[in-house]
Amino acid sequence: MRASRLLQILLLLQNRGRLTSAQLAAELEVTPRTILRDVDAMTEAGLPIIVFQGNQGGIELGFNYRTRLTGLDQDEAEALGVILATRNPALAALGMGPAARRAQAKLVESFPDEVRATVQHAMDQFAVEMPEPADDPRVPAFADAVRGGRIVRINASRPDARVVHPVAMRLAGDRWFVTDARSGQEFALAESGDINISAHRFA
């Protein structure tokens, strides 16, 4: 249990930079005193852990230290394999299909040999297909607007046209919903009528 926690601390510091003992404790659901004892053990093991005191203090890895360890147990690697093997048509609908396939291949190849073999074996054993969302050409257009922070006019050719600031999209069943930062509310994409994507961005 402790070895797994020490590895989690290492990965958190590697990926997030300087963190306080309280932040690490909250992340790992232990006490700050336990984190400090763990940090002492990691230092004794030769890891370049630096502890800064004071209000702006915290714990970080020194010397740009990086590890290729993933920290994945066998059951976690198997679960990840199933996740990666799951065919998600929403990615294609969002215009992310090719990028998702490239990212999956790179992610699998980044693992150490033993973890990679476990992930790949689980991918070969289990295949999950998500239901197809309703085909709607507005989906990739809205996705681009979300990524680019672009203003969108919905029901553009109708008297009830309105401007929205899309910041997120959610797929529930086969229906897409869009979160509008301007109103703070979510609306069904299917009810947005014809749309106009502006070249202008919102704050």
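Residues numbered from 1 in each chain as written. Predicted model: local features only at pLDDT ≥ 70, side-chain atom pairs only at ≥ 80, totals over all residues. Heavy atoms only, no water.

Engineer: Mind showing me how you'd approach the overall build of the protein chain here?
Structural biologist: Across its full length, the protein chain holds eight helices and eight strands. Taken along the three principal axes of its C-alpha coordinates, the protein chain extends 70 × 50 × 25 Å. Looking at the 203 residues of the protein chain, the share that counts as buried comes to 32%. Long-range pairs, those at least 24 residues apart, make up 58% of the contacts in the protein chain with a sequence separation of at least 6. Taken as a whole, the protein chain presents about 12,600 Å² of accessible surface, with 52% of it coming from carbon and sulfur. (Helix = DSSP H or I, 4+ residues; strand = E, 2+ residues; numbered from the N terminus. Buried < 20%, exposed > 50% of the residue type's maximum accessible area, 1.4 Å probe, protein only. Contact = heavy atoms within 4.5 Å. Areas by Shrake-Rupley, 256 points an atom, 1.4 Å probe, with all protein chains shown as cover.)

Engineer: Help me understand the sheet that holds strand 4 (residues 162-164) in this model?
Structural biologist: Across a sheet, paired strands are connected by hydrogen bonds in the backbone, their directions being either parallel or antiparallel. Read from one edge to the other, the open sheet built from three strands follows the order 4-3-8, with strand pairing classed as antiparallel. Each of the sheet's edge strands pairs with one partner strand only, and the pair in question is strand 4 and strand 8 (195-201). For this sheet the average axis-to-axis angle between neighbouring strands, irrespective of direction, equals 30 degrees. Pairing between strand 3 (residues 150-154) and strand 8: four bridges, direction antiparallel. When the bridges of strand 8 are listed, Val152 appears paired with Ile197. The strands touched by helix 8 (residues 138-148) within the sheet are strand 3 and strand 8, with strand 8 carrying the most contacts at an inclination of about 15 degrees. (Pairing = 2+ DSSP bridges. Axes fitted to C-alpha atoms, helices over the stretch in contact; angles between N-to-C directions.)

Engineer: Can you walk me through helix 8 in this structure?
Structural biologist: One turn of the α-helix equals 3.6 residues, which is why residues spaced by three or four share an orientation. Within helix 8, burial applies to Arg138, Val139, Phe142, Ala143 and Ala145. For helix 8, the angular spread of buried residues about the axis comes to 160 degrees, placing them on one side. Of the residues trailing helix 8, Gly149 is marked for its positive phi of about 65 degrees. (Arc of directions from axis to C-beta.)

Engineer: Before we go on, may I ask you to explain the packing of helix 6 (residues 97-110) against helix 7 (residues 113-125) in this structure?
Structural biologist: Packed helices, taken two at a time, are described by the angle between their axes plus the distance between the axes. Close contact between helix 6 and helix 7 brings their axes to 8 Å; oriented N to C, the two are set at 135 degrees. By the angle between their axes, helix 6 is oblique relative to helix 7. Contacts from Gln104, Val108 and Glu109 of helix 6 reach helix 7 at Arg116, Val119, Gln120 and Met123. Its residues placed into classes, the contact of helix 6 with helix 7 shows three nonpolar, two polar and two charged. (Parallel < 35°, antiparallel > 145°, perpendicular 65-115°, else oblique. Nonpolar A, V, L, I, M, F, W, Y, C, P; charged D, E, K, R; others polar.)

Engineer: Can you walk me through the sheet that holds strand 6 (residues 175-180) in this structure?
Structural biologist: The strand order 5-6-7 describes an open sheet built from three strands, whose pairing is antiparallel. In this open sheet, the two edge strands, each paired with only one partner strand, are strand 5 (166-172) and strand 7 (185-188). Averaged over all adjacent pairs, the angle separating strand axes in this sheet is 30 degrees, with direction ignored. Taken together, the four bridges between strand 6 and strand 7 define a ladder with antiparallel strand orientation. Bridge pairing links Asp180 to Gln185 in strand 7.

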